[in-house]
Amino acid sequence: MKTQNEIIKQGYDALINSLGVADTIRFIQYFHPGKGDYTKERHQWLDEKTLTDVLAEIKQSQADDTNQYEEIID
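Reading the values: rules and limits
Residues numbered from 1 in each chain as written. Predicted model: local features only at pLDDT ≥ 70, side-chain atom pairs only at ≥ 80, totals over all residues. Heavy atoms only, no water. Salt bridge = Lys/Arg side-chain N within 4 Å of Asp/Glu carboxyl O. Helix = DSSP H or I, 4+ residues; strand = E, 2+ residues; numbered from the N terminus. Buried < 20%, exposed > 50% of the residue type's maximum accessible area, 1.4 Å probe, protein only. Axes fitted to C-alpha atoms, helices over the stretch in contact; angles between N-to-C directions. Parallel < 35°, antiparallel > 145°, perpendicular 65-115°, else oblique. Left-handed = near helix turned anticlockwise from the far one by under 90°. Contact = heavy atoms within 4.5 Å. Nonpolar A, V, L, I, M, F, W, Y, C, P; charged D, E, K, R; others polar.

Participant: Looking at this model, I keep getting lost on the pattern of salt bridges. Mind explaining?
Facilitator: Side-chain pairs of opposite charge can arise where the charged atoms are in close proximity. A complete count under the given rule lists 3 salt bridges for this structure. D13 is the salt-bridge partner of K9, the closest N and O atoms lying 2.7 Å from each other. You can see K9 and its partner D13 sitting in helix α1 (residues 4-19), 4 residues apart, about one turn around the helix. Across the pair E57 and K49 runs a salt bridge whose closest N-O atoms are separated by 2.5 Å. Since its relative accessible area comes to 41%, E57 is described here as partly exposed.

What follows is the structure in structure tokens.
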């Protein structure tokens, strides 16, 4: 079984082999690490919303999204 560091290195190597160094850096910069306690924070806002509210926000977020990588992720 591979260690976490081995998996991360293999992932970076795969990205570099596929995208090259510059585009790998651009790809990695797209992701932002979170902070805080996501589960606790989620309950603070989600417990006050209905499923309809959440779905409406998702649809609005998708409509407002200017993500340049959308065509890759979809």
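Participant: I keep staring at the packing of α1 against helix α2 (residues 21-30) and nothing clicks. Help me out?
Facilitator: To describe two helices that pack against each other, one gives the angle between their axes and the distance between the axes. Interhelical geometry of α1 versus α2 gives an angle of 125° and a closest axis separation of 7 Å. In this view, α1 runs oblique relative to α2, as classed from their interaxial angle. Here α1 and α2 pass one another in a crossing that is right-handed. Every residue of α2 that contacts α1 at Y12, L15, I16 and L19 is listed here: V21, D23, T24, F27 and I28. When grouped by side-chain class, the residues that make up the contact of α1 with α2 number 7 nonpolar, 1 polar and 1 charged.

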